[in-house]
Amino acid sequence: MKRTGVFLAALAMSAISAAPAFAANVYETLKSNPQFSTLTKIIEANDLKFRYTEGSITVFAPTDEALANQPGGIDDLLAGDNPSNKENARALLLYSIVSGRHVPARLEGKVTEATTLQRGKVKIDGTKSPIHYGSEKFGSNVSGEAIEASNGVIIPVDALAIPVFEDETPKAESSAQ
């Protein structure tokens, strides 16, 4: 009986040591990584921390260097007290998160369409090197190694991607007179 207890204890210890090294969720992983300190400030200023802790997600995360070079700056993204700024910042942040775990190795060599947490579609072009996220003009490029977290994947990118919406001009109605 004592041998069974020792065996079970040893089995439990080996299971603990075999647990994945990425026990923290996406938000905690971003917060603990110095290259994403500005991004985590933006997330906190706009009350979106919970979006990075739930579900299976992939975040195309702009690094501090990328945000420092963002055209127009990021001051509006940090101004969480202004409702208009907050709404815009949330839209941009949710556009950079897609459902599911997407690792670069599975994205390479093909074009993938994914659903963002903003509820729109985004193109991930793995036929380019580096992999490109979003539109040609306002998208971003993968700029580092993917980082695993308990609920997803963080892929560093060189810019904060901005969604582009197709403008559809309504057809003129013909008037039969």
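The structure we're discussing is the one just above.
A. Quick look at the overall build of the protein chain. Each helix and strand in the protein chain was counted, giving seven helices and eight strands. Long-range pairs, those at least 24 residues apart, make up 60% of the contacts in the protein chain between residues at least 6 apart in sequence. With the model as given, the accessible surface of the protein chain reaches about 10800 Å², and the carbon-plus-sulfur share is 54%.

B. Fine view of the pattern of salt bridges. Under the criterion given, the structure shown has five salt bridges. In this structure, the salt-bridge partner of Lys31 is Glu44, at a minimum N-O distance of 2.8 Å. Here Lys31 is found in helix H2 (residues 26-32), whereas its partner Glu44 is found in helix H3 (residues 37-45), with 13 residues between them in sequence. A salt bridge links Arg90 to Asp47; the nearest nitrogen and oxygen atoms lie 3.9 Å apart. Here the residue Arg90 occupies a position in helix H6 (residues 83-95), and Asp47 occupies one in the loop between H3 and strand E1 (57-62), the gap between them amounting to 43 residues. Take Arg90: its relative accessible area is 31%, and that puts it in the partly exposed class. For Asp47, a relative accessible area of 44% corresponds to the partly exposed category.

C. Geometry of the packing of aromatic side chains. Overall, the coordinates contain two aromatic pairs when judged by the stated rule. Between Phe60 and Tyr133 the ring centres are 4.1 Å apart and the planes differ by 20°, which places this aromatic pair in the stacked class. Placement of Phe60 in strand E1 and of Tyr133 in strand E5 (residues 132-133) is noted, with a sequence separation of 73 residues between them. A residue is classified by how much of its surface remains accessible, and Tyr133, at 1% relative accessible area, is buried. Three or more aromatic residues link up through ring pairs in this structure, and these residues are Phe60, Tyr95 and Tyr133.

D. Quick peek at the pairing of strand E4 (residues 121-125). As paired elements, strand E3 (residues 111-115) and E4 share five bridges and run antiparallel to each other. Pairing of Val111 across the sheet is with Asp125, part of E4. With antiparallel pairing between neighbouring strands as the criterion, E3 and E4 make up a hairpin whose turn holds five residues, including Arg119 at a positive phi of roughly 80°. Between E4 and E5, which follow one another and run antiparallel, lie six residues.

E. Quick peek at the sheet that holds strand E8 (residues 152-157). Taking strand neighbours across the sheet as the criterion, the four strands line up as E2-E1-E8-E7 in an open arrangement whose pairing is mixed. Single-partner strands in this sheet number two, and they are strand E2 (97-99) and strand E7 (147-149). Each strand axis lies, on average, 20° off the axis of its neighbour in the sheet, ignoring direction. Here E7 runs beside E8; their pairing, made up of three bridges, is antiparallel. Counted as the bridge partner of Ala149 is Gly152 from E8.

Procedures and definitions
Position labels on residues start from 1 in each chain and follow its written sequence. Note on the predicted model: pLDDT of at least 70 is required for a residue's local features to be given, and 80 or more for side-chain atom pairs to be given and counted; whole-chain, interface and lining totals, by contrast, use all residues. Hydrogens and water molecules were not included; the side-chain quantities draw on all heavy atoms of the structure. For helices the rule is a DSSP run of H or I covering at least 4 residues; for strands it is a run of E covering at least 2, with both sets numbered from the N terminus onward. Should any heavy atoms of two residues lie within 4.5 Å, those residues are considered in contact. Using the Shrake-Rupley algorithm and a 1.4 Å probe, accessible areas are obtained, with residue cover drawn only from the displayed protein chains. Put simply, a salt bridge is a Lys or Arg side-chain nitrogen that is within 4 Å of an Asp or Glu carboxyl oxygen. Think of it in three bands: residues with accessible area under 20% of the maximum for their type are buried, residues over 50% are exposed, and the middle band is partly exposed, with areas taken using a 1.4 Å probe on protein chains only. The aromatic pairing rule takes the rings of Phe, Tyr and Trp, using the six-membered ring of Trp, and pairs them if the centres are within 6.5 Å, calling planes under 30 degrees apart stacked, those over 60 edge-to-face and the rest tilted. Note on pairing: DSSP must find at least two bridges between two strands before they are called paired. To get an axis, fit a line to the C-alpha atoms, keeping to the stretch in contact for a helix; angles then go from 0 to 180 degrees between the N-to-C directions.

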